[in-house]
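# Architecture and fold: a report
Chain by chain, the residues:
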Amino acid sequence: MNMKMLKAVIAGLVLSVSAFANAGLIIQFEEESGNLTSYQESGFSFDSLSGDFTLNDYSPAFGNQLYLSSASDSVRVTQVEGGLFDFMSLLFTDSNSNAIGTITSSNGGVYNTPGGIPGLVNFSGSDWMSVSYIDITRTGGTFFDIDNIEVMSATIPEPSTVAIFGLALMGLASRRF
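Let me sum up the structure you'll find in this document.

About the cut-offs
- Residues numbered from 1 in each chain as written.
- Predicted model: local features only at pLDDT ≥ 70, side-chain atom pairs only at ≥ 80, totals over all residues.
- Heavy atoms only, no water.
- Helix = DSSP H or I, 4+ residues; strand = E, 2+ residues; numbered from the N terminus.
- Buried < 20%, exposed > 50% of the residue type's maximum accessible area, 1.4 Å probe, protein only.
- Contact = heavy atoms within 4.5 Å.
- Areas by Shrake-Rupley, 256 points an atom, 1.4 Å probe, with all protein chains shown as cover.
- Phe/Tyr/Trp six-rings, centres within 6.5 Å; stacked < 30°, edge-to-face > 60°.
- Lys NZ or Arg CZ within 6 Å of the ring centre and 35° of its normal.
- Polar contact = N/O pair within 3.5 Å; in protein donor to acceptor, adjacent residues only side chain to side chain.
- Salt bridge = Lys/Arg side-chain N within 4 Å of Asp/Glu carboxyl O.
- Pairing = 2+ DSSP bridges.
- Axes fitted to C-alpha atoms, helices over the stretch in contact; angles between N-to-C directions.

### Thoughts on the overall build of the protein
Regarding its fold elements, the protein presents two helices and 15 strands. Taking all 177 residues of the protein together, the buried fraction comes to 36%. At a minimum sequence separation of 6, the contacts of the protein that also span at least 24 residues come to 67%. If you sum the accessible surface of the protein, you get close to 9,400 Å²; carbon and sulfur atoms cover 57% of it.

Set out below in structure tokens:
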């Protein structure tokens, strides 16, 4: 393979790798509602595993939050279309809260809230990446308000760049060496 061909192949590989996008999303609970057992927003589903939940403006500084009112309420977060996502962070919003609960992932990740108000909690590591669901369970305390759940869906190739790279490879393959 000559040097010109090698440069073309390397350039094509760089372009194809740079053509991947990560679709990051912060779910902010836009609607206000009474008691719910299911809710969808921004391509994600929140389904009650036990009890129910509300979306209310209990902490006006934050707007609507997901509120688990009873000590055994539990919500599962999944993508509406299925698939995997990375769970990045969430925000406990009530400054008067002694939120006590557990957040678990499909990969075995477990986070126990320390009581008091944890504020912003970041999640990292393989237990929180490429998960099919996250369970949020209240186990005690007086309030359990959550807002700004940050997720990142799987890496998605940009179709136009991948198509261009494919055409370039076909052109290079058809050349005579």
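Don't stop here, the text continues.
### Focus on the packing of aromatic side chains
Evaluated as defined, the whole model comprises six aromatic pairs. Ring centres of Y39 and F46 lie 6.3 Å apart, and the angle between their planes is 45°; this geometry places the pair in the tilted category. An aromatic cluster is defined as three or more aromatic residues linked by ring pairs; in this entry it consists of F87, Y111, F123 and W128. Sitting over the face of the ring of Y133, R76 holds its NZ or CZ atom 3.7 Å from the ring centroid.

### Some points on unusual backbone geometry
Its identity as a non-glycine residue notwithstanding, S42 has a phi of 55°, on the positive side. Here S42 shows up in the loop between strand 4 (38-41) and strand 5 (44-50). One non-glycine residue, S130, lies in positive phi territory at about 50°. Tracing the sequence through the fold places S130 in the loop between strand 12 (120-122) and strand 13 (134-140). In this structure S130 comes out as partly exposed when scored by relative accessible area, which is 41%.

### Thoughts on the side chain of T113
When you line up the elements, T113 lands in the loop between strand 11 (110-112) and strand 12. With relative accessibility at 8%, the residue T113 sits in the buried group. In this structure the side chain of T113 is engaged in a polar contact, spanning 2.7 Å, whose partner is the backbone nitrogen of G101.

### Section: the pattern of salt bridges
Taken as a whole and judged by the stated rule, the model has one salt bridge. The partner of R76 in a salt bridge is D135, and the shortest N-O contact between them spans 2.7 Å. In this pair, R76 sits in strand 8 (residues 74-79) while D135 sits in strand 13, placing the two residues 59 residues apart along the sequence. Using a relative accessible area of 10% as the deciding quantity, one classes D135 as buried.

### Focus: the sheet that holds strand 5
Strand pairing in a sheet is mediated by backbone hydrogen bonds. Such pairs are either parallel or antiparallel. Pairing in this open sheet of six strands is antiparallel, and the strands run 4-5-8-13-10-11 from one edge to the other. Two strands bound the open sheet, and with one partner strand each, they are strand 4 and strand 11. Strand-to-strand twist across the sheet, computed as the mean angle between neighbouring axes with direction ignored, equals 15°. As defined by bridge partners, strand 10 (residues 100-105) adjoins strand 11 across three bridges and the pair is classed as antiparallel. Residue pairing for strand 11: I103 is matched across the bridge by Y111.

### Notes on the pairing of strand 8
Relative to strand 8, strand 5 runs antiparallel, the two sharing six bridges. Paired with S45 across the two strands is T78, which belongs to strand 8.

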